[in-house]
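Structure at a glance
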Amino acid sequence: MSDKIVRIGGACGFWGDSAVGAPQLVRRARVDYLMFDYLAELTLSLMVRARAKDPAQGYAGDFVTVAMKSVLKELAKRGIKVVANAGGVNPQACGAALRQLCADMGVELKVAVVEGDDVMPLVPQLRAAGASEMFTGEPLPEKLISANAYLGALPVAAALGRGADIVVTGRCADSALALGVLMHEFGWQAQQWDHLAA
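Here is a short report on the structure shown in this document. Quick caveat, the model's predicted, so the values are computed rather than measured. Residue positions are given per chain, counted from 1 along the sequence in the order it is written. With pLDDT at 70 or above as the cut-off, local features in this predicted model cover only qualifying residues; side-chain atom pairs require 80 or more to be listed or tallied, and sums for whole chains, interfaces and linings still use all residues. Note that the side-chain values use all heavy atoms of the structure and ignore hydrogens as well as water.

1. Some remarks on the packing of aromatic side chains
The condition is simple: Here a Phe, Tyr or Trp ring, Trp counted by its six-membered ring, pairs with any other such ring whose centre lies within 6.5 Å, and the pair is stacked when the planes are under 30 degrees apart, edge-to-face when over 60, and tilted otherwise. The helix and strand labels rest on DSSP assignments: H or I over at least four residues marks a helix, E over at least two residues marks a strand, and numbering proceeds from the N terminus. Any residue under 20% of the maximum accessible area for its type is buried, any over 50% is exposed, and the rest in between are partly exposed; the area is computed with a 1.4 Å probe on protein chains only.
Summed over all chains, the structure comprises four aromatic pairs. Between the aromatic rings of F36 and F63, the centroid separation amounts to 5.1 Å while the plane-to-plane angle is 70°, which identifies the pairing as edge-to-face. Taken together, the residues span a long stretch of sequence, with F36 in strand β2 (residues 33–36) and F63 in helix α3 (residues 61–78) at a distance of 27 residues. Considered together, F36 and F63 belong to a single accessibility category, that of buried residues. An aromatic cluster is present here, built from F36, Y38 and F63 joined pairwise through their rings.

2. Description of the pattern of salt bridges
For the record, the criterion: We count a salt bridge whenever a side-chain nitrogen from Lys or Arg sits within 4 Å of a carboxyl oxygen from Asp or Glu.
Evaluated as defined, the whole model comprises five salt bridges. With a closest N to O distance of 3.2 Å, D165 and K81 form a salt bridge. Of the two residues, D165 is situated in the loop between α6 (154–161) and β5 (166–169) and K81 in strand β3 (residues 81–84); the sequence distance between them amounts to 84 residues. Using a relative accessible area of 18% as the deciding quantity, one classes D165 as buried. In the salt-bridge network here, residues are joined through shared partners; they are R27, E74 and R78.

3. A closer look at the nonpolar core
This is how it is decided: Note on terminology: a nonpolar core comprises buried Ala, Val, Leu, Ile, Met, Phe, Trp, Tyr and Cys residues joined through side-chain atoms within 4.5 Å. Only heavy atoms enter the contact rule, under which two residues are in contact if any of them lie within 4.5 Å.
Counting residues in each nonpolar core, the largest one holds 38 residues, and the members touching the most others are L34, F36, F63 and M68. A total of seven residues in this core trace back to one element, the largest contributor, which is α3. When near neighbours in sequence (up to four residues on either side) are disregarded, L34 contacts G9, A11, A22, L25, V26, L75, I80, K81, V82 and V83. In this structure, A153, L160, V167 and V181 belong to the second largest nonpolar core, which totals 22 residues.

4. Overview of the sheet that holds strand β4 (residues 111–114)
Applied cut-off: Only when DSSP finds a minimum of two bridges between them are two strands counted as paired. Inter-axis angles, ranging from 0 to 180 degrees, are taken between N-to-C directions of lines fitted to C-alpha atoms, where helices are fitted over the stretch in contact.
Pairing is parallel across the open sheet formed by five strands, whose spatial order is β1-β2-β3-β5-β4. With one partner strand each, in any of the chains shown, β1 (8–12) and β4 form the two edges of the open sheet. Across the sheet, the mean angle from the axis of one strand to that of its neighbour is 20°, orientation sign disregarded. Both β1 and β2 contribute to a ladder of four bridges, which runs parallel. Bridge pairing links G10 to M35 in β2. Here α6 sits on the sheet in contact with β2, β3, β4 and β5, set at roughly 150° to β5. In the packing of helix α7 (residues 176–186) onto the sheet, the strands contacted are β1, β2, β3 and β5, and the crossing angle to β2 comes to about 155°.

5. Side note on the packing of α3 against helix α4 (residues 91–105)
Basically, it comes down to this: The labels follow the angle: roughly parallel below 35 degrees, roughly antiparallel above 145, roughly perpendicular from 65 to 115, and oblique for the rest. Helix crossings are classified by the rotation of the near helix relative to the far one: an anticlockwise turn of less than a right angle makes the crossing left-handed, while a clockwise turn makes it right-handed. Here the term charged refers only to Asp, Glu, Lys and Arg, the term nonpolar to Ala, Val, Leu, Ile, Met, Phe, Trp, Tyr, Cys and Pro, and the term polar to all other amino acids, Gly among them.
One can describe the packing of α3 onto α4 by two numbers: an axis separation of 11 Å at closest approach and a directional angle of 40°. Compared by their axis directions, α3 and α4 come out oblique. As α3 packs across α4, the resulting crossing turns out to be right-handed. Where α3 approaches α4, its residues F63, V64, M68, K69, L72 and K73 are matched on the opposing element by C94, A97, L98, L101, C102 and M105. In terms of residue class, the contact of α3 with α4 is built from ten nonpolar, no polar and two charged.

That's the geometry; what it means functionally is another story.
Given below as structure tokens:
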């Protein structure tokens, strides 16, 4: 049993949550990580519509322009890392915006982007395989604007293991952000079920 302690500060629980969480945690708490959870199904649909109007959108813009901008220099100074599903339906654009913010503020942080949740390219294959709505059994609708799978903790842990200071994902399981941090910090493997479940 390890005596190691990893402190993860929950800086955001939903898109539109108060912006004071991140500054309070960075300035007043002894945290090792900030965790931002922005996504729900409704949120994703709003982001899809935003991306349809502007291909550079589709992510939680206020994560970059408000939350990260307010603490970026202190994160670098204190060595606090960030995990966030703020990438929405356009995690690469979110990552690019973060890299630009770092450059603009003169802060050197490594930004990693986790992809793979967008399964729209697989929809024809899913239809052919008879995929259906899990509760009603209805077939997939003829018109879909988005199809996303829930990613797990493994890619978050992998990104941190490769030296990322900020990890941005699209859709992932609610627990994946914190669990990815713990897998990385404690060296837990994917088959260590008791550790992962704890």
